[in-house]
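# Report on the structure
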Amino acid sequence: MNDSFHEIAFLFLKHRIPLFLSLILVILFAMPLNVAVLNGFRPQVSFICLYYWVEKKPYMFGLISAFLLGLTVDICSAAPLGLNCLLMMIYWLIGVKVFHYITPISFVMDWFMFAVACISFILSKWLIFMVYYGAYLPIFDVGFSVFSTVMLYPLIAYLNSRVQDNLLPQERINE
């Protein structure tokens, strides 16, 4: 019990940096743009962050973080409340189980695994939205969303890795 309250609070907040960064990125990418061509460009930044943090630091980005991230996406995108929360929590559980057994050995393998996960995430989201609204939603938007999300993954992953290397507490070896 040598740790003071301030040290414990500081460490708690340091472990919440992945969640705070993910929420900031979701809010930034949800802002309306004044450029008509780019207004439909809405990659799933929330899923990129979820995938990255579940792969790299699952103990810092837990199920509650996935829920809060999904809730923020629901609020920012005016989606039915709870749909993104449910999907984020399901994919968090799947990611934790998958990354327990499989660890990508290169960035290309990681990017390929992300592309597969992204396709399944966006298709499942598309199906749930079609069932919810009771209408057919165009598949072209799904393809464009998958393409834009997969192409944006290296940039968001690089940003997250810089935060991971510079701001997060490092694991201590042999202590």
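The rules behind the values
Residues numbered from 1 in each chain as written. Predicted model: local features only at pLDDT ≥ 70, side-chain atom pairs only at ≥ 80, totals over all residues. Heavy atoms only, no water. Patch = residues over 30% accessible without salt bridge, like charges linked within 9 Å, V, L, I, M, F, W, Y side chains within 5 Å. Areas by Shrake-Rupley, 256 points an atom, 1.4 Å probe, with all protein chains shown as cover. Salt bridge = Lys/Arg side-chain N within 4 Å of Asp/Glu carboxyl O. Helix = DSSP H or I, 4+ residues; strand = E, 2+ residues; numbered from the N terminus. Buried < 20%, exposed > 50% of the residue type's maximum accessible area, 1.4 Å probe, protein only. Core = buried A, V, L, I, M, F, W, Y, C linked by side-chain atoms within 4.5 Å. Contact = heavy atoms within 4.5 Å.

This part is about a nonpolar patch on the surface. Side chains of L86, I90, I94, V98, Y101, I102, I105 and M109 sit close together on the surface and give an oily, nonpolar patch of about 780 Å² of accessible area. Residue contributions to the nonpolar patch peak at five residues, all from helix α5 (residues 83-101). Looking at the secondary structure, you find I90 in helix α5. Among the residues examined, I90 registers a relative accessible area of 36% and is labelled partly exposed.

With 43 residues, the main nonpolar core has F47, L50, F61 and F114 as its most contacted residues. Those elements that provide at least two residues to this core are α2 (17-30), α3 (45-56), α4 (63-77), α5, α6 (107-133) and α7 (139-166). Non-local contacts of F47, meaning those with residues more than four positions away in its chain, are made with M88, Y91, F114, A117, C118 and F121.

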